[in-house]
Amino acid sequence: MSDMYEPKPEHKFTFGLWTVGNIGRDPFGEPVRHPLSPVEIVHLLADVGAYGVNFHDNDLIPIDATPADRDRILREFKAALQETGLVVPMATTNLFADPVFKDGAFTSNDPKVRAYALQKTMRAIDLGVECGAKVYVFWGGREGVESDAAKDPQEGLKRYREVINFLCAYVKDQGYDLKFALEPKPNEPRGDIYLATVGHALAFINTLDHPDMVGLNPEVAHETMAGLNFLHGVAQAWDAGKLFHIDLNDQVIGRYDQDFRFGAVNLKAAFFLVRFLENVGYQGSRHFDAHAYRTEDYEGVKTFARGCMRTYLILKEKARRFDGDAEIQALLAEITADDGTMAPFQGGYSRDKADALKAHPFDRVALGRRGLAYERLDQLTNELLLGVR
Ligand code: GLT
Ligand code: MN
Ligand code: MN
């Protein structure tokens, strides 16, 4: 399909090996698709027009691989990257699948498990950097509890902090050009996961030894699972200079972790998200952390992957139209109109300003009577998204 919604490298669309490589296993059912090798996945992604591919250490190198296996797999993977032109902007560690991590990795109650998790992460960082990754994601899916009798949440946070501090120092010591991105999630697979939302993670970062090295990888589905407005979390991460990466997908509030195709559920929320990312000038990857419905074969997986990128680009075009729509812009200008009379009270504090404001007469009733026309604005937004303007 060659049209204005065709993905190009400059769009920075990326997928994890685990996304299009998802074989459709769920808690109730066996896999529905045969596993693809990392090399096959790279070719599939190149086929649909992606820019990059991300991975967990064990998506690429099986946990029990010998050093010889590791070398061969890595050689073949790098050759596939070379052949297709795909890059690896991000990497991460699988600290959730193996039984050893059933009580968490960095926050496990067992010091041997914590040390093993740290060792595994250092090795995985080496692997990611070797493949070119500049962002390293920490998704602590097993860092948490089912019962608070098992673990003191303060102790959990202390352990988490100690490990992130250690790893920041490791990256500096190795001279790697790498930033960390924490990915919050409220629950699943643990009953409750530590650092549950963007807000929790932002506050935690400020307690670290090297807060400058650590930012966020917010995911649409995860904030939505918590019932939150994803855009607001993203905006706050951006405002703090912490939007290092983003996981795009979709999710119905109150359901299991769905990881649907971007825009599959809430197109309007996806629209405002894309408009935000484009308008603020976010330069990072647009990473789709999603997978195809379990009903699909690999043709369906390609349709899914193309759909994520195409929806993003369509919404980007819609954002351009929204910002150029005379009626919408006139309405926005009216809503935010400023006659300048409040200028003496704005900006920083001064004693004179405070005194003048305390003495100023306001017609509260008239201010409260004004209609704001948000109904019209939202309806115009809907009509723009529905393609009738
Ligand atoms: C897992 C999770 C994702 C994370 C991945 C990175 S692992 O697939 O569901 O949200 O981004 O560790
Ligand atoms: Mn998810
Ligand atoms: Mn994710």
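Scoring rules and cut-offs
Residues numbered from 1 in each chain as written. Chains lettered and ligands numbered in written order. Predicted model: local features only at pLDDT ≥ 70, side-chain atom pairs only at ≥ 80, totals over all residues. Heavy atoms only, no water. Donors = N, O, S within 2.8 Å, 3.2 Å for Na, K, Ca; no water. Tetrahedral: all angles 85-135°; square planar, octahedral: opposite > 155°, others 65-115°. Helix = DSSP H or I, 4+ residues; strand = E, 2+ residues; numbered from the N terminus. Polar contact = N/O pair within 3.5 Å; in protein donor to acceptor, adjacent residues only side chain to side chain. Contact = heavy atoms within 4.5 Å. Expected span 1.5 Å × (residues − 1). Buried < 20%, exposed > 50% of the residue type's maximum accessible area, 1.4 Å probe, protein only. Arc of directions from axis to C-beta. Pairing = 2+ DSSP bridges. Axes fitted to C-alpha atoms, helices over the stretch in contact; angles between N-to-C directions. UniProt positions renumbered as here; feature names shortened; annotations may be inferred.

1. A few points about the coordination of the manganese ion (ligand 3)
Argument step 1. Bound to the manganese ion (ligand 3) are the protein donor atoms Glu-183 (OE), Glu-219 (OE), Asp-247 (OD) and Asp-289 (OD), situated 2.0 to 2.2 Å from the metal.
Argument step 2. Taken together, the six donor atoms surrounding the manganese ion (ligand 3) define angles of 75 to 165° at the centre, an arrangement classified as octahedral.
Argument step 3. All donors of the manganese ion (ligand 3) come from a single chain, and their spacing in sequence reads E-x35-E-x27-D-x41-D.
Argument step 4. Between the manganese ion (ligand 3) and the manganese ion (ligand 2), the interatomic distance is 4.5 Å, and Glu-219 donates to each metal, bridging them.

2. As for the side chain of Thr-381
Argument step 1. Residue position: Thr-381 is located in helix 15 (residues 374-385).
Argument step 2. Only 2.8 Å separates the side chain of Thr-381 from the backbone oxygen of Leu-377, close enough to count as a polar contact.
Argument step 3. In contact with Thr-381, not counting residues within four places along its chain, are Phe-271, Phe-272 and Phe-322.

3. Comments concerning helix 15
Argument step 1. For helix 15, with twelve residues, the first-to-last C-alpha span of 16 Å sits near the 16 Å given by 1.5 Å per residue.
Argument step 2. Among the residues making up helix 15, those that are buried are Leu-377, Leu-380, Thr-381 and Leu-384. An end-on view of helix 15 places all buried positions within 105° of arc, on one side of the element.
Argument step 3. Those residues of helix 15 that are buried lie in contact with helix 10 (267-280), helix 11 (298-324) and helix 12 (326-335).
Argument step 4. The positive-phi residue at the C-terminal boundary of helix 15 is Gly-387, with phi of around 85°.

4. A short note on the coordination of the manganese ion (ligand 2)
Argument step 1. Within the protein, Glu-219 (OE), His-222 (NE2) and Asp-259 (OD) serve as the donor atoms for the manganese ion (ligand 2), at 2.1 to 2.5 Å.
Argument step 2. If you list the donors of the manganese ion (ligand 2) from N- to C-terminus, the spacing comes out as E-x2-H-x36-D.
Argument step 3. With relative accessibility at 0%, the residue Glu-219 sits in the buried group.
Argument step 4. Overall, the relative accessible area of 10% leaves Asp-259 in the buried class.

5. Comments concerning helix 11
An α-helix turns once every 3.6 residues. As a result, residues three or four positions apart point the same way.
Argument step 1. For helix 11, which comprises 27 residues, the first-to-last C-alpha distance of 39 Å matches the rise-based estimate of 39 Å (1.5 Å per residue) to within 8%.
Argument step 2. Between a side-chain oxygen at the N-terminus of helix 11 and the backbone nitrogen of Glu-299 the separation is 3.1 Å; the capping residue is Asp-297.

6. Observations concerning the sheet that holds strand 2 (residues 52-56)
Argument step 1. Read from one edge of the open sheet, eight strands run 8-6-4-3-2-1-10-9, paired in parallel fashion. What marks the edges here is a single partner per strand, and that holds for strand 8 (214-216) and strand 9 (247-248).
Argument step 2. Where helix 5 (residues 111-130) meets the sheet, it contacts strand 2, strand 3 (90-92), strand 4 (135-139) and strand 6 (179-183), and its direction lies at approximately 145° from that of strand 4.

7. Here we look at the UniProt feature "active site" (unreviewed entry) in the chain
Argument step 1. This chain's UniProt record puts "active site" (unreviewed entry) on His-56 and Asp-59.
Argument step 2. One can find His-56 in strand 2.
Argument step 3. Here His-56 falls in the buried class, since its relative accessible area comes to 7%.
Argument step 4. Not counting residues within four places of it along the chain, the set of residues in contact with His-56 comprises Trp-18, Thr-92, Thr-93, Asn-94 and Phe-96.
Argument step 5. Looking at where Asp-59 falls in the secondary structure, it is placed in helix 3 (residues 57-60).
Argument step 6. Judged by its relative accessible area of 24%, Asp-59 is partly exposed.
Argument step 7. The residues contacting Asp-59, other than those within four sequence positions of it, are Leu-17, Trp-18 and Pro-38.
Argument step 8. A polar atom in the side chain of Asp-59 sits 2.8 Å from the side chain of His-56.

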